[in-house]
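Inside the fold
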Amino acid sequence: MSFRRTLLTSVALAASRRMAVSARTAAVSTAVPAVSTAVLTRTRWHSTTTTTVGTTPNVTDPARECFVTHLDGESDAGIAVVTLNRPAAKNALSRTLLAQISECLEHLRDSETTRVVVLRSAVDRVFCAGADLKERRTMTPAQVSSFVSALRSTFSGVAALPMPTIAALDGAALGGGLELAMCCDLRTAGTSAKLGLPETKLAIIPGAGGTQRLPRLIGVPLAKELMFTGRQLVAADALAMGLVNRADTGVMDGGFVAAMALAREIAPQGPVALRMAKWAVDAGSEVDLASGLRIEQACYAQVIPTADRLEGLKAFAEKRKPVYLGK
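Heads up: these notes are all about the structure in this document. This is a predicted model, so every value here is computed, not measured. (Residues numbered from 1 in each chain as written. Predicted model: local features only at pLDDT ≥ 70, side-chain atom pairs only at ≥ 80, totals over all residues. Heavy atoms only, no water.)

Some thoughts on the overall build of the chain
A tally of helices and strands in the chain yields 14 helices and nine strands. Within the chain, the proportion of its 327 residues that are buried is 47%. Residue pairs at least 24 apart in sequence account for 68% of intrachain contacts in the chain once pairs closer than 6 positions are excluded. Total accessible area on the chain stands at roughly 16500 Å², and carbon and sulfur atoms take up 59% of it. (Helix = DSSP H or I, 4+ residues; strand = E, 2+ residues; numbered from the N terminus. Buried < 20%, exposed > 50% of the residue type's maximum accessible area, 1.4 Å probe, protein only. Contact = heavy atoms within 4.5 Å. Areas by Shrake-Rupley, 256 points an atom, 1.4 Å probe, with all protein chains shown as cover.)

Quick look at the packing of helix 8 (residues 210-218) against helix 9 (residues 220-229)
Direction vectors running N to C along helix 8 and helix 9 enclose 135°, while the axes themselves pass 7 Å from each other. The orientation of helix 8 with respect to helix 9, classified from their angle, is oblique. Every pair of crossing elements has a handedness; the one defined by helix 8 and helix 9 is right-handed. Here helix 8 contributes Gly 210, Thr 211, Leu 214, Pro 215 and Ile 218 to the contact with helix 9, which in turn contributes Val 220, Leu 222, Ala 223, Leu 226 and Met 227. Split into classes, the residues belonging to the contact of helix 8 with helix 9 amount to eight nonpolar, two polar and no charged. (Axes fitted to C-alpha atoms, helices over the stretch in contact; angles between N-to-C directions. Parallel < 35°, antiparallel > 145°, perpendicular 65-115°, else oblique. Left-handed = near helix turned anticlockwise from the far one by under 90°. Nonpolar A, V, L, I, M, F, W, Y, C, P; charged D, E, K, R; others polar.)

A look at the nonpolar core
Residues Leu 84, Phe 127, Leu 169, Leu 195, Leu 214 and Leu 243 are the most contacted members of the largest nonpolar core, which totals 50 residues. Excluding its chain neighbours within four sequence positions, the residues that come into contact with Leu 214 are Met 182, Leu 197, Gly 219, Ala 223, Leu 226 and Leu 243. Counting 15 residues, the second largest nonpolar core, distinct from the first, contains Val 81, Phe 256, Met 260 and Leu 274. (Core = buried A, V, L, I, M, F, W, Y, C linked by side-chain atoms within 4.5 Å.)

Considerations on the pairing of strand 7 (residues 186-190)
Side-chain positions along a regular strand alternate between the two faces of the sheet. Among the five residues in strand 7, five count as buried, and that is most of the element. By the alternation rule, side chains of strand 7 split into Leu 186, Thr 188 and Gly 190 and Arg 187 and Ala 189, which are all buried. Bridging between strand 5 (residues 165-169) and strand 7 involves four bridges; their strand directions are parallel. Counted as the bridge partner of Ile 166 is Leu 186 from strand 7. The sheet contact formed by strand 7 and strand 9 (residues 246-248) spans three bridges and is parallel. (Pairing = 2+ DSSP bridges.)

Things to note about the sheet that holds strand 6 (residues 172-174)
One open sheet accounts for three strands, arranged 4-6-8; its pairing is parallel. Lying at the two open borders of the sheet, with one neighbouring strand each, are strand 4 (126-128) and strand 8 (194-196). Shown here is a sheet whose adjacent strand axes are inclined to one another by a mean of 15°, direction ignored. In terms of strand pairing, strand 4 meets strand 6 through two bridges, oriented parallel. Residue Val 126 lies in a different strand from strand 6, and its bridge partner there is Ala 172.

Observations concerning the side chain of Glu 311
Its place among the elements puts Glu 311 in helix 14 (residues 307-318). Take Glu 311: its relative accessible area is 15%, and that puts it in the buried class.

Things to note about the pairing of strand 3 (residues 116-121)
A large share of strand 3 lies buried, amounting to six of its six residues. On strand 3, burial covers both faces: Val 116, Val 118 and Arg 120 on one face and Val 117, Leu 119 and Ser 121 on the other are all buried. Strand direction decides the pairing type here: strand 2 (residues 79-84) and strand 3, joined by six bridges, are parallel. In the sheet register, Leu 84 faces strand 3, and the bridge partner there is Ser 121. Considered for its hand, the β-α-β crossover made up of strand 2, helix 4 (residues 95-109) and strand 3 is right-handed. Relative to strand 5, strand 3 is paired through three bridges, and the arrangement is parallel. The residue bridging Val 118 from the neighbouring strand is Ile 166, located in strand 5. (Right-handed = clockwise from strand over helix to strand, strands pointing away.)

Section: a nonpolar patch on the surface
Together, Leu 133, Leu 202 and Ile 204 give the surface a local cluster of nonpolar side chains, amounting to about 270 Å² of exposed area. Counting through the fold element by element, Leu 202 comes out in the loop between strand 8 and helix 8. Leu 202 gets classed as exposed once you look at its relative accessible area, which sits at 52%. (Patch = residues over 30% accessible without salt bridge, like charges linked within 9 Å, V, L, I, M, F, W, Y side chains within 5 Å. Salt bridge = Lys/Arg side-chain N within 4 Å of Asp/Glu carboxyl O.)

Section: the sheet that holds strand 5
Pairing is mixed in the open sheet, where six strands are placed in the order 1-2-3-5-7-9. The two strands at the open ends of the sheet, each matched to only one other strand, are strand 1 (66-70) and strand 9. Across the sheet, the mean angle from the axis of one strand to that of its neighbour is 20°, orientation sign disregarded. Direction of pairing for strand 1 relative to strand 2: antiparallel, over a ladder of five bridges. Bridging from a neighbouring strand, Cys 66 pairs with Leu 84 of strand 2. Across the sheet, helix 4 is in contact with strand 1, strand 2 and strand 3; its angle to strand 1 comes to roughly 25°.

A short note on the environment of Asp 308
Among the secondary structure elements, Asp 308 is positioned in helix 14. Overall, Asp 308 belongs to the buried group, its relative accessible area being 7%. Along the sequence, Asp 308 and Ala 273 sit 35 residues apart, while their C-alpha atoms lie 8.8 Å from each other. With sequence-adjacent residues up to four places away left out, Asp 308 is seen in contact with Pro 271, Tyr 324, Leu 325, Gly 326 and Lys 327.

Below is the structure:
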């Protein structure tokens, strides 16, 4: 609780200082309280979908439309793969698929053994085709509004996972599919990847975070261009823009291959340090530098008393690989 309070205090101090400087900075500071809310939401996010009381979904069942696989072995221990598996609809986001994604998030959120999450598709040549427009056509305006709210909540849950996340993009990631990928910390793309936000072609706009996350990733002018035109990007273009971190177009399922290579680089690092680094960047990037530095200080304070920090120093002195336990 003290850690959360420290973060919130840092943000609140930034808001107070901005309000005292000038009318212009006061106007800017009106957005700062939302950051405080975001920090709280990030730490205690829960699914807005419902599960039958008394039942615990088996999220590792590969027959589901979305399931979790916990990898093991010397190089893969600590890596969890979340797989989208709705081939009949190209992983289009229906009510059912959305609920199952939320169940997987609930499963992973408090996992003490998961160090990195890879989100991938089991469907050939498609990551996620976006919203299920066939289902959407059967909805009333009120139901559409409710569904989009649930979509935003679930996607925020992806962004709120405490461990690093990687979206492996093999095939089309369009509309809500790209919005889902942008909720992950990192993205990789293969030769079949096609990325875009084509909503304006349907006389709507991205409604699950696309108008906010895309500019934060590639800058406002490029984001506007992609949304205004509805243009689709291939892996090389997405890499050049900074929309993906790595691209592997030389092998089949290159997005997943690149994601696993990246996950294997991340998994051996200190688990507590990984989570605090993610938190420091996510929370600090939404406030001014002085407040961000206080957030960094609060996050650094969480790693000082850990056994992992001492193990890292000991391993360095003994010239061996550290064995981190996340404690």
